[in-house]
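# Structural characterization, general
Below are the chains, spelled out letter by letter.
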Amino acid sequence: MNPFSSGTRLRDMIKAIRACKTAAEERAVVRKECAAIRSSISENDQDYSHRNIAKLMFIHMLGYPTHFGQMECLKLIASAGFPEKRIGYLGLMLLLDERQEVLMLVTNSLKQDLGHTNQYIVGLALCALGNICSAEMARDLAPEVERLLLTRDPNIKKKAALCSIRIIRKVPDLAENFLSPATSLLKEKHHGVLIAGVQLCTDLCKVSEDASNHLRKNCTEGLVRILKDICNSPYAPEYDIAGITDPFLHIRVLRLLRMLGHGDADTSEYINDILAQVASKTESNKNAGNAILYECVETIMGIEATSGLRVLAINILGRFLSNRDNNIRYVALNMLMKAISVDSQAVQRHRTTILECVKDSDASIRKRALELVFLLVNDTNAKPLTKELVDYLEVSDQDFKGDLTSKICSIIEKFSQEKKWYIDQMVKVLSLAGNYVKDNVWHALIVAISNAPDLQGYSVRSLYKAFQLSSEQVSLVQVTIWCIGEYGEMLVNNVGVLQVEEPMTVTESDAVDVLESCLTHHSTDITTQSMCLIALLKLSSRFPPSSGRVKEIITTHIGSVVLELQQRAIEFNSIIQRHQNIKSSLVERMPVLDESTFISKRAGSSQANISTEKSNQQLPSGASLKLSNGVAKPAASPLVDLLDLSLDDTPVPTSTSNDFLHDLLDVGLTNSSSSASGTDILMDLLSIGTPVQSNTTPENGSSIKGFNDILPIAKPNTATVQVVDLLDGLASNGSHPGAQSPVHPSIIAYQSSTLKITFSFTKQPDKPQVTQIHATFMNLSSEAYTDFIFQAAVPKFIQLHLDPANSNHLPASGNGRITQTFTITNTQHGQKPLAMRIRIAYKVSNQERLEQGQINNFPPGL
C-alpha cells in the first residue's frame, strides 16, 4: 500500500511528520497526504472518510489549510453511526467557526440529533452547538435546547445549560425564555448541573436587568442554602479537593451572589452572614481555600456589606501578603488597590506589610506594591512613607529605580507642606537617583527654590554638599550649577544659615572649581556645559577677584567643535571684555518664577505632547502641512509653531499691563518693575531664530539669553528687519476704553525696506469683540517674492482664524498685491487691547528670507 494513500493510519502519518528533519520535508509529507485525502474525497470513498477527517484535524493544528475537508465533516454528521458522528462533530468544531457560510447547512442535522433517542448523540450535538453556534442557529435551535434543560439525564442537563449560555450571549433577546429553566436548575443535587445552572444564571444577569431582579427575588435564598450545605457538608470523595468540598461550586455561587447583591442593600444584608461564615471557616493553607477566600473578599467588596465584614475581607488580603506564593501576593495587591476606595483606613493598617512588598525580589509585585503605596499616602503619613521609600531607593535594583524615583517625586510634590522638607527630600532623591529624575521635576525644584528667599542660602549649601558626594548624578549637577550661578555669594558668605546646619567654609575659588569640574568632565552633556558657562558669567560679576579665572575658562571653549558652546563662549567673552558697563545688569539674579503658572504650564505641556505625538503618527512620511494661506510647506518646517501656543492651557491674567505683556510673550515671570525683568523680556523677544536649543528651560532662563542677536557676531545673510518698539502702545493700566469708534482707520501694520503691510478693519455692531482684518502685502524691492507665507501669533485671550491668501507670489516694485483676511475675537474686549506678533517668510531667487515684528498700534475699541 502507498504509505501516503488515504488508508494510511493517523498514527503512521504523525510518525512520518515527526520524522522530518526540516520544514521542507514536513511540507512535502503534508502535501502528499492532502493530495491523497483530496483524491479519496473526490472518489467518494466512505470507508476511510472518518480517518481522513482525523488526519485533516491534525494537519489543521499544524497550521496548514484544510478547507477542502469541510463538506466531508457535514457528510459524517449526517451519517447514522455514533463513531462517524463523533469524528464529524469534532471536525466541525475544529475546522469551522461561526463565520463560515457552510455552517448553515448543518442546522437541520443538529436539530435532528438534538431530538435523538441516544443520549450520547444528543450530547455531541449540544457540545458542537455550544462551541460554534451563530446568532441564526441560536434562534432556530433555542426551543430544542430549552426542552433539553427539563430532561432527567444530568449530563444532558449540564450540556444544555452550557449551550444555553452560548445562545443568550449571541442573542440576548432570548434570555427570558431560559429564565424559568435556569431557576429550576438551582434545585438540582448533582454538582455538575448546579455549576452549569449557576453560570447560566450569572450570564442571564449580565444580559438582562429583568433577569437580575427575578433571580434576586426568587433565588437568593436557594443560593445561600447551597453555600451553607457545601460549607458544612462532610467529606465527599467525588467532590473533595485538598480537603475542601467542591471549590469550583463555591466560587461560582459567590460570583452570582456578588452580582445579585451589587447595589441592593436588602440582598446584601441577607447574604452578609453566609459570607462571614465562608471567610471564617475556609482554611488558607491550601490553594483551593485561597481561591475561595479571594472570591469571598471580592464579593464582600462588590456588595453593600457592613464595615465589619469589609475589615474582615481586608484582613484576609493582609494575610495573603504574607504568603510565599507570588501569585497570591499579586492578586492581594490588586484587590487592595480596589478596596482602598471603599475603606482606606482598614487598608492603612497593613501599610508595613505593603512596604515590605515594595522590596520584594519579584518585579511585578514591586511595581504593584509601589502603586498601592502611592494610593495610601495622605497628609498624615506622607513623611514616614517618603522616608521609607527614599531609604530603599539607595539599595533598590537599577531596573526599579526609574519607577520608584518617579513615585517618590510625585509624593514629595503632592504632599509637601513645608518648603524645607520639600527641598531636603528632593536633594536626597537627586543624590541617590538623579539620573532617573525627569527634567520637569528638577525644573520644579528650581522654581520652588526661587520662591523661597529664606531658604536660598540653605538650598545652595545643601546642593554643594550633595555634589561633593554624588557628582555623577546629572540632575543634581544641573540644579547645583543653576543655584551656584544664582546664589553663589550666599554660598561663599554663609547667608541665611539655619540653626540645623553645620558650619562650613566655601571660598570663591571652590565655587568656581565646581563649575570648572562640571564643564570639563568627560561625561557632561551639552546642556550641562551650557549651564556652566552661564553660571561662570554670573560669577564673574558676583566674584570680581575670580573674574580673570572665569574669563580663562570661558576662553578655552571659543574653539569648541560644539557650535552651541562655541557661540556662548564667544558671546560671554565679548560681554566680559567689551561690555563691562552693562554686565552687572545683564547677569542680575533671575526674577522669581511664578509657581502656579509653572505648574499649569507643566500640566498643559504633557497634554500637548500627547496630542502632538498622535498627530505626528497620523501624518504620513514625507507629507506636507497646509499653512494658513494654502501654500504647501514641509511638515518639519520650523515656521509652523511661532509661539508654542499649543501649550497654553494656563488661566489668562486679568490685571496689569505687565501681566498682559507676559501673557503675550508667554513668559512665566511674576510682576517686577526691575530693569532685569524688562531686559529679560527684551532678550526673550530677540532670541527668535537663534541656534540655542533650550531657551525655555530654567537653566537658560537667565537674563542674558538671546544675546547673539544683539552682539556683533557673524550671521548668515538675511533680509533686514525693522526693529519695532515692543512696548509701544501698551497703556500703563493695560486696558483701553471700552467705547467703540464708529470708523476704524486703516493702519500700516509693518514696513521695512523690502515689505509693507497694511491692515483695514471691519466690525459687526452686534459683535463688538469680533474684528475682521483685511491685510494687504506690497513688495517694495526690485525682485519678486515666491512661496510667500504670512503667520501671526496673539495672546491667549485672543482667538485668531486665518483665511487662505489669494496668492503666494508677490510681484516686485509694488506692481501687485497679496491680500489675506483673518478674524480675531478679543475675549476681554474693553479690558485689554489687541496685540500681535507676525512672521513673514518668502523666497528671493530660491533663497529663503524671513521678517518678523510686533504690532501694537491697533486703533482703540478693537
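Quantities reported herein were computed from a predicted structural model and do not represent experimental measurements.

What counts, and at which threshold
- Residues numbered from 1 in each chain as written.
- Predicted model: local features only at pLDDT ≥ 70, side-chain atom pairs only at ≥ 80, totals over all residues.
- Heavy atoms only, no water.
- Axes fitted to C-alpha atoms, helices over the stretch in contact; angles between N-to-C directions.
- Helix = DSSP H or I, 4+ residues; strand = E, 2+ residues; numbered from the N terminus.
- Parallel < 35°, antiparallel > 145°, perpendicular 65-115°, else oblique.
- Left-handed = near helix turned anticlockwise from the far one by under 90°.
- Contact = heavy atoms within 4.5 Å.
- Nonpolar A, V, L, I, M, F, W, Y, C, P; charged D, E, K, R; others polar.
- Phe/Tyr/Trp six-rings, centres within 6.5 Å; stacked < 30°, edge-to-face > 60°.
- Lys NZ or Arg CZ within 6 Å of the ring centre and 35° of its normal.
- Buried < 20%, exposed > 50% of the residue type's maximum accessible area, 1.4 Å probe, protein only.
- Expected span 1.5 Å × (residues − 1).
- Arc of directions from axis to C-beta.
- Core = buried A, V, L, I, M, F, W, Y, C linked by side-chain atoms within 4.5 Å.
- Salt bridge = Lys/Arg side-chain N within 4 Å of Asp/Glu carboxyl O.
- Pairing = 2+ DSSP bridges.
- pLDDT = per-residue confidence, 0-100.
- Disulfide = S-S within 2.5 Å.
- Patch = residues over 30% accessible without salt bridge, like charges linked within 9 Å, V, L, I, M, F, W, Y side chains within 5 Å.
- Areas by Shrake-Rupley, 256 points an atom, 1.4 Å probe, with all protein chains shown as cover.
- Lys, Arg positive; Asp, Glu negative; His and termini not counted.
- Charge placed at Lys NZ, Arg CZ, Asp CG, Glu CD.

## So, the packing of helix 28 (residues 508-520) against helix 29 (residues 526-542)
- The geometry of helix 28 relative to helix 29 is characterised by a closest axis approach of 9 Å and an angle of 155° between their N-to-C directions. Taken as axis vectors, helix 28 and helix 29 run roughly antiparallel relative to one another. The element helix 28 and its partner helix 29 pack so that their crossing is left-handed. Between helix 28 and helix 29, the contacting residues are Val512, Leu515, Cys518 and Leu519 on the first element and Gln529, Cys532, Leu533, Ala535, Leu536 and Leu539 on the second.
- Classifying every residue of the contact of helix 28 with helix 29 by side-chain character gives nine nonpolar, one polar and no charged.

## Things to note about the packing of aromatic side chains
- For the structure on display, the rule yields eleven aromatic pairs.
- Among the aromatic residues, those joined into a ring-pair cluster are Phe759, Phe761, Phe777, Tyr785, Phe788, Phe790, Phe822, Tyr842 and Phe858.
- Looking at arginine 38, its charged tip hangs above the ring of phenylalanine 68, at a distance of 4.2 Å from the centre.
- A cation sits over an aromatic face here: lysine 407 above phenylalanine 374, 4.6 Å from the ring centre.

## Describing unusual backbone geometry
- With a phi angle near 45°, aspartate 246 is a residue other than glycine that sits in the positive phi range.
- On the secondary structure map, aspartate 246 appears in the loop between strand 2 (244-245) and helix 14 (247-261).
- Under the relative-accessibility criterion, aspartate 246 is labelled buried at 6%.
- Positive phi, normally seen in glycine, also occurs at serine 845, with a value near 55°.
- Its relative accessible area of 57% is what places serine 845 among the exposed residues.

## Quick word on helix 2 (residues 23-42)
- An ideal rise of 1.5 Å per residue puts 28 Å on 20 residues; helix 2 measures up with 28 Å between its terminal C-alpha atoms.
- All of the buried residues in helix 2 are Val29, Val30, Glu33, Cys34, Ala36, Ile37, Ser40 and Ile41. When helix 2 is viewed along its axis, its buried side chains cluster within an angular range of 160° and face the same direction. Every exposed residue of helix 2 that faces more than 90 degrees away from the buried side is listed here: Arg31 and Ser42.
- Lining the buried residues of helix 2 we find helix 1 (10-18), helix 3 (49-61) and helix 4 (70-78).
- Count one or two residues on from helix 2 and you reach asparagine 44, which has phi positive near 60°.

## Observations regarding the nonpolar core
- Formed by 204 residues in total, the largest nonpolar core has its most connected members in Leu92, Leu110, Leu126, Leu129, Ile167, Leu223 and Leu389.
- Of the residues forming this core, the biggest block, eleven residues, is contributed by helix 27 (residues 474-493).
- Sequence-distant contacts of isoleucine 167, defined by excluding residues within four places in its chain, comprise Cys133, Ala138, Ala142, Val145, Leu174 and Phe178.
- Core analysis: the next-biggest nonpolar cluster, separate from the first, contains 31 residues, Phe761, Ile773, Ala805 and Ile824 among them.

## Focus on the pattern of salt bridges
- Overall, the coordinates contain 25 salt bridges when judged by the stated rule.
- With its nearest N and O atoms 2.8 Å apart, the salt bridge here joins arginine 258 to glutamate 295. Of this pair, arginine 258 sits in helix 14 while glutamate 295 is found in helix 16 (residues 287-302), placing the two residues 37 residues apart along the sequence.
- Put simply, glutamate 489 and arginine 542 hold a salt bridge, and the shortest N to O gap is 3.4 Å.

## A short note on the sheet that holds strand 12 (residues 847-855)
- Ordered in space as 8-11-12, the three strands form an open sheet in which the pairing is antiparallel. A strand with exactly one partner marks an edge of an open sheet, and here the two such strands are strand 8 (786-793) and strand 12. Neighbour-to-neighbour, the strand axes of this sheet turn through a mean angle of 15°, independent of strand direction.
- Note: strand 11 (residues 836-844) against strand 12, nine bridges, orientation antiparallel.

## Points about the confidence of the model for the chain
- The predicted model of the chain has a mean per-residue pLDDT of 81, with 83% of residues at 70 or higher.
- Within the model, the stretch residues 1-5 combines pLDDT values under 50 with eleven contacts to residues more than four positions away or in other chains.
- Here residues 614-742 is modelled with pLDDT under 50, and outside its nearest four sequence neighbours on either side it reaches 247 contacts, counting other chains as well.

## Comments concerning the state of the cysteines
- Following the criterion strictly, the structure yields zero disulfides and no others.
- Cysteine cysteine 133 is unpaired, with the sulfur of cysteine 163 as its nearest cysteine sulfur at 6.2 Å.

## A closer look at the sheet that holds strand 5 (residues 747-751)
- Ordered in space as 5-6-7-10-9, the five strands form an open sheet in which the pairing is antiparallel. Across the chains shown, the open sheet's two edge strands, defined by having one partner strand only, are strand 5 and strand 9 (798-802). Taking each pair of neighbouring strands and ignoring which way they run, the sheet shows an average axis angle of 25°.

## Looking at a negative patch on the surface
- A surface patch of negative charge is lined by Asp173, Glu176, Glu209 and Asp210.
- Within the secondary structure, aspartate 173 sits in the loop between helix 9 (154-170) and helix 10 (179-185).
- The class for aspartate 173 is exposed, based on a relative accessible area of 64%.

## Side note on the packing of helix 20 (residues 351-358) against helix 22 (residues 382-393)
- Running from N to C, helix 20 and helix 22 cross one another at 20°; their axes reach a closest spacing of 11 Å. In terms of axis orientation, helix 20 runs roughly parallel to helix 22. Relative to helix 22, the crossing made by helix 20 is right-handed. Contacts from Arg351, Leu355 and Val358 of helix 20 reach helix 22 at Leu385, Glu388, Leu389 and Tyr392.
- Of the residues belonging to the contact of helix 20 with helix 22, the class tally is five nonpolar, no polar and two charged.

## Remarks on the environment of valine 358
- The topology assignment puts valine 358 in helix 20.
- According to the relative accessible area criterion, valine 358 is buried, its value standing at 1%.
- Considered as a pair, valine 358 and leucine 372 are 14 residues apart in the sequence and their alpha carbons are 9.4 Å apart.
- If near-sequence neighbours (up to four positions away) are discounted, valine 358 is found in contact with Arg366, Ala369, Leu370, Val373, Leu389, Tyr392 and Phe400.

## Description of helix 17 (residues 307-321)
- Helix length check: helix 17, at 15 residues, gives a terminal C-alpha distance of 21 Å against a target of 21 Å (1.5 Å per residue), a fit within 8%.
- By the burial criterion, the buried members of helix 17 are Leu309, Arg310, Ala313, Ile314, Ile316, Leu317, Gly318, Phe320 and Leu321.
- Contacts from the buried residues of helix 17 go to helix 15 (265-281), helix 16, helix 18 (326-339), helix 19 (344-348) and helix 20.

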